[in-house]
Amino acid sequence: MLPQAIINGILLGAVYGTIGIGFSLVWGVMNIINLAHGSFIMIGAYLSYTIYTVYGIDPFLSIPIVMVLLFLIGYAIQRYLMNLVVRGSVFITLTFTFGLQILIANICLLIWKADYRSINLSYSGASIPIGGVVIPVVRLGIFAVAILLTFLFYIFMKRTKIGLAINATAQNYEGARVVGVDVKNIYSITMGVSAALAGVSGSLIAPIMSINPFIGGPLIGKAFVICVLGGLGSTVGALAGGLVLALVETIGTSFIPSSFQNLLGFVVLVLVLIFMPRGLFGKRLYNE
Amino acid sequence: MNKKLISIIISVAILSLLPFLVTGFWVRLLTNIFMFAILASALNIISGFTGYAAFGNMVFFGVGAYTVAVLMNKYHFSFISSFIAAGFISILLALILGFLLLRLKGHYFALGTLGAAEAIKYIIDNLTELTGGAQGITIPSMKGGPFLINISFYFIMFALLVIIVIFTWWLSKSRLGYTFKAIRANEEAASVMGINTTIYKIVAWSLAGLFTGLAGAIYAYWFSYIDPPTVFDVMWVVRMFVIILIGGAGTVFGPVIGAFLLEGLSELVWSNFLNLHLGILGILIIITILIIPNGLASLTTEGKGLKGLLESIRKNRVNAL
């Protein structure tokens with residue numbers, strides 16, 4: 001029972017990590033909590049659902065399409081809306097992004113209706129038995145993609161010019177401006193990358209969870225916990241935070257009733273905020 | 001000021017007579033508006049005056065509602081005594097949470113309060129023996145005909161609204177209120193000036209918690225049935241935030257005006273478009289923040305007339321990147 005719970009937790013944790021990385025990127029770079037992040041995940045999930053049901057394309061193969069579309073959505077939202085209010089108070093940005101979140105949820109409700117949707121892949125029952133545990137093939141694939149993307153994102157932030165410009169803007173906004181970084185554009189790209197990562201997370205959870213227009217709220221709750229656990233703006237931290245949350249959830253439910261599962265995440269969130277406000281690793285700035 | 005006082009007395013007089021002249025629908029609508037005005041005014045104390053974005057403030061609403069529900073259902077208390085108990089428990093909760101969470105600032109405080117609110121929701125959800133859990137809990141309803149019940153809740157809610165508005169008005173002139181505003185303007189400077197910011201922040205949050213909890217207590221008795229997802233819904237706090245945004249944060253009447261506009265419009269106009277309800281609220285939030293982030297109260301800061309209006313809008317906008 002316990003080894004299986006640990007395996008499930010690790011496999012799920014990588015996706016939680018992808019959710020956390022995108023969320024923490026925007027928070028770390030622009031100092032805003034993007035409450036619409038959950039809706040980006042939801043759009044990603046719906047897009048891969050639609051591509052799968054209409055064109056029969058496997059959700060793993062449609063990931064590049066979903067990423068490009070979500071990048072464009074995120075870029076446009078930042079460029080034409082968020083950049084206008086990103087300098088406002090916490091009060092302003094929280095309410096604004098919540099407004100976006102419910103607007104997007106309503107649009108999805110009109111397009112896809114309130115029904116629960118899910119993707120049933122032909123190989124969803126397949127699994128690899130190792131020792132006493134089984135590894136479901138779909139979840140293994142999800143894990144692999146999530147780890148690969150985390151790695152690519154890490155390289156992107158460390159090795160590319162745009163990644164370095166994002167880092168510079170996060171560390172010192174005025175300084176970046178002085179050395180010629182187009183901050184408006186960098187902010188928009190940051191939101192685009194964050195949305196693309198959210199979209200992938202959506203594609204990845206679509207085969208294992210059911211989707212409806214209101215999953216954005218619960219998902220953003222998870223993003224909070226992951227991000228706070230991992231510390232603000234750290235890729236490795238977000239991955240670790242995702243693993244910790246997933247393990248707490250899967251192991252926790254083996255010992256306590258499942259109705260307590262949600263409670264557990266929030267208790268962890270509050271305790272970490274109170275006792276370790278810098279997260280488990282004590283990092284603050286992006287890839288510091 | 002005299003003009004203002006007269007218009008306030010006239011509004012109070014009209015609102016006191018109104019329920020005897022209109023149908024039950026309007027009485028209930030106004031009661032609902034009063035409730036949101038109370039909730040927004042309460043949030044205004046911690047968020048508007050003190051500058052702390054308490055995104056989990058619905059926790060007091062839910063706990064106040066559940067105090068009344070449990071005491072009346074399980075222990076057969078009267079409404080009055082459970083109402084008073086709800087006030088005490090809300091303050092106690094604010095003291096405990098405030099002690100733990102008010103060392104956090106900005107986004108971290110917002111997240112902490114939200115996390116605590118969600119955690120308490122799930123705790124109440126799981127205390128099935130006491131609270132009825134996910135099944136919800138019924139509250140013995142008030143004796144009397146529909147007219148008497150409607151009127152009673154109207155005046156209970158109205159009385160609480162008058163009390164909180166008078167309190168906020170006093171606050172805006174008092175030393176306590178200036179202390180709160182000093183913390184909002186610059187917490188470190190306030191601390192250097194000898195203000196014990198932690199204690200004042202806890203006081204502000206306890207006051208907000210008290211009024212929110214009392215509104216929740218009345219809501220439970222009024223609706224006769226509550227369950228955790230309803231009373232701990234994050235939408236309560238979002239509506240409070242939007243009301244404050246529309247009316248103007250840190251003002252006395254802003255939350256009341258905002259509540260009339262938002263809840264009045266949403267009941268009369270959007271309730272006809274059930275599928276679009278959320279989307280319209282979303283668009284309203286976005287437009288309000290883009291055009292008047294400091295609320296309607298900021299529209300006359302640069303003088304009167306159209307020119308003053310446009311100048312006020314321009315001056316009060318959030319600086320774009």
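It should be noted that the structure appears before, not after, this text.
Let me sum up the structure you'll find in this document. (Residues numbered from 1 in each chain as written. Chains lettered and ligands numbered in written order. Predicted model: local features only at pLDDT ≥ 70, side-chain atom pairs only at ≥ 80, totals over all residues. Heavy atoms only, no water.)

### Quick notes on the overall build of chain B
Under the convention used in this document: Secondary structure elements are taken from DSSP: a helix is a run of H or I of four residues or more, a strand is a run of E of two residues or more, and numbering for both begins at the N terminus. Here the globule rule is a power law, 2.2 Å times the number of residues to the power 0.38, and the radius of gyration is based on C-alpha atoms. For each residue, the accessible area found with a 1.4 Å probe, counting protein chains only, is set against the maximum for its type, and the residue is called buried under 20%, exposed over 50%, and partly exposed in between. A contact between two residues is defined here by any heavy atoms of the two lying within 4.5 Å. To measure how exposed things are, a 1.4 Å probe is used in the Shrake-Rupley method; for residues, cover is taken only from the protein chains shown.
A count of helical and extended segments in chain B gives 15 helices and two strands. Computed over the C-alpha atoms, the radius of gyration of chain B is 20 Å, within 12% of the 20 Å expected from 2.2 N^0.38 for a compact globule of 321 residues. Taking the principal axes of its C-alpha atoms as reference, chain B extends roughly 55 × 50 × 40 Å. Across the 321 residues that make up chain B, the buried fraction comes to 56%. Considering only residue pairs separated by 6 or more positions, chain B has 75% of its internal contacts joining residues 24 or more positions apart. A total of about 14000 Å² of accessible surface is found on chain B, and carbon and sulfur atoms cover 69% of it.

### Some thoughts on the interface of chain A and chain B
Selection criterion: Reported buried area values correspond to the accessible surface (1.4 Å probe) lost by two parts on association, with both partners' losses combined. Contacts described as polar in this section are N or O atom pairs within 3.5 Å, which, within protein, must combine one atom able to donate a hydrogen with one able to accept it, while residues neighboring in sequence count only if both atoms come from side chains. Polar here means any residue other than Ala, Val, Leu, Ile, Met, Phe, Trp, Tyr, Cys and Pro, which are nonpolar, and Asp, Glu, Lys and Arg, which are charged; Gly is therefore polar.
Residue-level contacts link 48 residues of chain A with 45 residues of chain B. Each partner contributes to the roughly 4000 Å² buried at the junction of chain A and chain B, and carbon and sulfur atoms together form 82% of this total. The three residues of chain A that bury the most area against chain B are Phe91, Leu273 and Ile274 of chain A, which together make up 16% of that side's buried surface. Between the two partners, chain A and chain B, sit four residue pairs in polar contact (both at pLDDT 80 or more). Contributing elements (two or more residues each) for the side of chain A that touches chain B: α3 (63-85), α4 (90-112), α7 (173-178), α8 (183-205), α9 (216-230) and α11 (261-275) of chain A. Top element by residues in the side of chain A that touches chain B is α4 of chain A. It accounts for 15 residues. A class-by-class count of the residues in the side of chain A that touches chain B yields 35 nonpolar, nine polar and four charged.

### Some details on the pairing of strand β2 (residues 133-136) of chain A
On a regular strand, each side chain points to the face opposite its neighbour's, so the side chains alternate between the two faces of the sheet. This is how the line gets drawn: One bridge is not enough; two strands pair if DSSP finds at least two bridges between them.
Every second residue of β2 of chain A is oriented toward a common face, the buried set being Val133 and Ile135 of chain A and the non-buried set Val134 and Pro136 of chain A. Here strand β1 (residues 127-130) of chain A hands over to β2 of chain A after two residues, with Gly131 of chain A in that stretch at a positive phi of 60°.

### Notes on helix α8 (residues 175-185) of chain B
All names here are of chain B. Our working rule: Note that the arc is computed from the directions linking the helix axis to the C-beta atoms.
Of all the residues in α8, the buried ones are Leu176, Gly177, Thr179, Phe180 and Ile183. The buried residues of α8 all sit within an arc of 160° when viewed along its axis, so they share a single face. Of the exposed residues in α8, those oriented more than 90 degrees away from the buried face are Arg175, Tyr178 and Ala185. If you follow the buried residues of α8, they end up packed against α2 (24-49), α7 (146-173), α9 (187-192) and α10 (197-223).

### Concerning α8 of chain A
Quick note on the threshold: To estimate the expected span of a helix, count its residues, drop one, and scale the result by 1.5 Å.
Compared with the 33 Å implied by 1.5 Å per residue over 23 residues, the 33 Å span of α8 of chain A between its first and last C-alpha is a close match. Burial analysis of α8 of chain A places 21 of its 23 residues in the buried class, the great majority of the element.

### Side note on the packing of helix α2 (residues 37-55) of chain A against α4 of chain A
Residues and elements named next belong to chain A. Where we set the bar: In this analysis, axes come from line fits to C-alpha atoms, helices being fitted only over the stretch in contact, and the angle between any two N-to-C directions falls in the range 0 to 180 degrees. Any angle between 65 and 115 degrees counts as roughly perpendicular, while under 35 counts as roughly parallel, over 145 as roughly antiparallel, and the rest as oblique. Crossing handedness: left-handed means the near helix sits turned counterclockwise from the far one by under a right angle, and right-handed means the same turn made clockwise.
Interaxial distance between α2 and α4 falls to 10 Å at its minimum, and their mutual angle equals 20°. It follows that α2 is roughly parallel to α4 by the angle criterion. As for the relative orientation of α2 and α4, their crossing is left-handed in sense. When α2 is examined against α4, the residues Ser39, Phe40, Met42, Ile43, Tyr46 and Thr50 are found in contact with a partner set consisting of Gln101, Ile104, Ala105, Cys108 and Trp112.

### Let's talk about the pairing of β1 of chain A
Judged from the four bridges that link them, β1 of chain A and β2 of chain A form a sheet pairing that is antiparallel. When the sheet's bridge partners are listed, Ile130 of chain A is paired in β2 of chain A with Val133 of chain A.

### Quick word on the environment of Tyr200 of chain B
Residue and element names in this part refer to chain B. Position of Tyr200 relative to the elements: it lies in helix α10. In this structure Tyr200 comes out as partly exposed when scored by relative accessible area, which is 27%. Spatially, the C-alpha atom of Tyr200 lies 29 Å from that of Ile124, the residues being 76 residues apart in sequence. Beyond its immediate stretch of four places on either side in the chain, Tyr200 contacts Leu176, Thr179, Phe180, Ile183 and Ile195.

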